[in-house]
Amino acid sequence: SSGINAEYGIWRGPKKTAMIKQFLSDVCWGALDYLLIDTPPGTSDEHMTIMEAIPNCSVVLVTSPQAVAAADVLRQVTFCKKTNANVLGIIETMSGFVCPNCSDCGLLFGKGGGKRLAEYCNIEFLGYVPIDPNLSRLLDRGELFKNFQSSASIQSYTEITKKLIKP
């Protein structure tokens with residue numbers, strides 16, 4: 001067995017919106033410090049449902065260095081402003097590729113699109129996160145971040161987390 005479950009459902013419109021509302025309201029969350037919801041950039045009904053269901057929510061926006069990706073996230077910034085969501089900052093992913101053999105970091109997709117977007121929007125830039133195939137393999141095996149502290153990606157995530165979680 002490959003360990004991959006190929007069974008999935010295809011939900012559209014009202015069904016997805018109802019599922020999100022039910023998930024956010026019917027689950028007994030307890031005392032959460034943070035609830036992370038990962039969505040693609042956009043202004044869909046699903047995004048509106050989340051914003052309506054979680055008043056006063058805060059948002060971290062993620063882009064890659066390319067101009068087309070930053071343009072998508074710029075629309076998300078506008079959406080967040082219109083829905084009064086607090087934008088905590090912008091992260092740029094895919095900011096380099098860490099060689100799995102020598103750990104040098106090359107720029108496959110360029111660098112700086114996220115930082116330029118943050119400056120343009122007057123939003124805090126939280127940091128760059130490079131692609132690291134060794135980290136991907138580690139996580140695929142279910143190992144912990146702490147086992148790979150030398151990773152540039154882990155160091156980036158750690159610095160970003162420090163910026164987001166302030167005492």
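The rules behind the values
- Residues numbered from 1 in each chain as written.
- Predicted model: local features only at pLDDT ≥ 70, side-chain atom pairs only at ≥ 80, totals over all residues.
- Heavy atoms only, no water.
- Salt bridge = Lys/Arg side-chain N within 4 Å of Asp/Glu carboxyl O.
- Helix = DSSP H or I, 4+ residues; strand = E, 2+ residues; numbered from the N terminus.
- Buried < 20%, exposed > 50% of the residue type's maximum accessible area, 1.4 Å probe, protein only.
- Pairing = 2+ DSSP bridges.
- Axes fitted to C-alpha atoms, helices over the stretch in contact; angles between N-to-C directions.
- Left-handed = near helix turned anticlockwise from the far one by under 90°.
- Contact = heavy atoms within 4.5 Å.
- Nonpolar A, V, L, I, M, F, W, Y, C, P; charged D, E, K, R; others polar.
- Phe/Tyr/Trp six-rings, centres within 6.5 Å; stacked < 30°, edge-to-face > 60°.
- Lys NZ or Arg CZ within 6 Å of the ring centre and 35° of its normal.
- Core = buried A, V, L, I, M, F, W, Y, C linked by side-chain atoms within 4.5 Å.
- Disulfide = S-S within 2.5 Å.
- pLDDT = per-residue confidence, 0-100.

Attention shifts here to the pattern of salt bridges. Close approach of charged atoms allows side chains of opposite charge to pair. In the structure shown here, the tally under the stated rule is three salt bridges. As a salt-bridge pair, Arg 75 and Asp 72 come within 2.2 Å of each other at their nearest N and O atoms. One end of the pair, Arg 75, and the other, Asp 72, are both in helix 3 (residues 67-82), three residues apart, so they sit about a helical turn from each other. For Arg 75, a relative accessible area of 48% corresponds to the partly exposed category. A relative accessible area of 31% places Asp 72 in the partly exposed class.

Structurally, Ala 18 can be placed in helix 1 (residues 13-26). Residues Ala 18 and Val 87, spaced 69 residues apart in sequence, show a C-alpha to C-alpha distance of 25 Å.

Only one face of strand 1 (residues 58-63) is covered, namely the face carrying Val 59, Leu 61 and Thr 63; the face carrying Ser 58, Val 60 and Val 62 is uncovered. The pairing of strand 1 with strand 2 (residues 86-98) spans six bridges and is parallel. Considered in strand 2, the bridge of Val 59 is made with Val 87.

Relative orientation of the contacting elements helix 3 and helix 4 (residues 113-121) amounts to 30 degrees, with a least axis distance of 10 Å. Note that helix 3 runs across helix 4; the crossing there is right-handed. Residues Ala 70, Val 73, Leu 74, Val 77 and Lys 81 of helix 3 form the contact with helix 4, whose own contacting residues are Gly 113, Leu 117, Tyr 120 and Cys 121. When grouped by side-chain class, the residues that make up the contact of helix 3 with helix 4 number seven nonpolar, one polar and one charged.

Sheet topology note: the strand 2/strand 4 (residues 125-131) ladder contains five bridges and is parallel. The partner of Ile 90 across the bridge, within strand 4, is Phe 125. What sits between the antiparallel neighbours strand 2 and strand 3 (residues 105-106) is a turn of six residues, in which Ser 103 has the positive phi angle 70 degrees.

Below, the discussion takes up the packing of aromatic side chains. Counted under the stated rule, the structure contains one aromatic pair. The residue whose ring lies beneath Lys 111 is Tyr 128, and the NZ or CZ to ring-centre distance is 4.3 Å.

In terms of nonpolar packing, the biggest core is built from 17 residues, with Met 51, Val 59, Leu 61 and Cys 80 touching the most fellow members. Looking at this core, the elements that each hand over two or more residues are strand 1, helix 3, strand 2 and helix 4. For this core, the element with the highest residue contribution is helix 3, accounting for five residues. Ignoring sequence-local partners within four residues, the contact set of Leu 61 consists of Val 73, Gln 76, Val 77, Cys 80, Val 87, Gly 89, Ile 90 and Ile 91.

Working definition: the covalent bond between the sulfur atoms of two cysteines is a disulfide. Overall, the coordinates contain zero disulfides when judged by the stated rule. You can see Cys 57 has no disulfide; the closest cysteine sulfur is in Cys 80, sitting 7.5 Å from it. Look at Cys 57 and you get buried, because its relative accessible area is 13%.

On to the confidence of the model for the protein, then. In low-pLDDT regions, the fine details of the predicted coordinates are not to be read closely. Per-chain confidence: the protein averages 84 in pLDDT, with 93% of residues scoring 70 or above. Per-element confidence in the protein is highest for helix 4, whose mean pLDDT is 95, and lowest for strand 3, whose mean pLDDT is 78.

Helix 3 packs onto helix 2 (residues 45-53) with a crossing angle of 35 degrees between their chain directions and a minimal axis gap of 11 Å. Between helix 2 and helix 3 lies a crossing of right-handed hand. On helix 3, the residues touching His 47, Met 48 and Met 51 of helix 2 are Gln 76, Phe 79 and Cys 80. Here the residues of the contact of helix 2 with helix 3 sort into four nonpolar, two polar and no charged.

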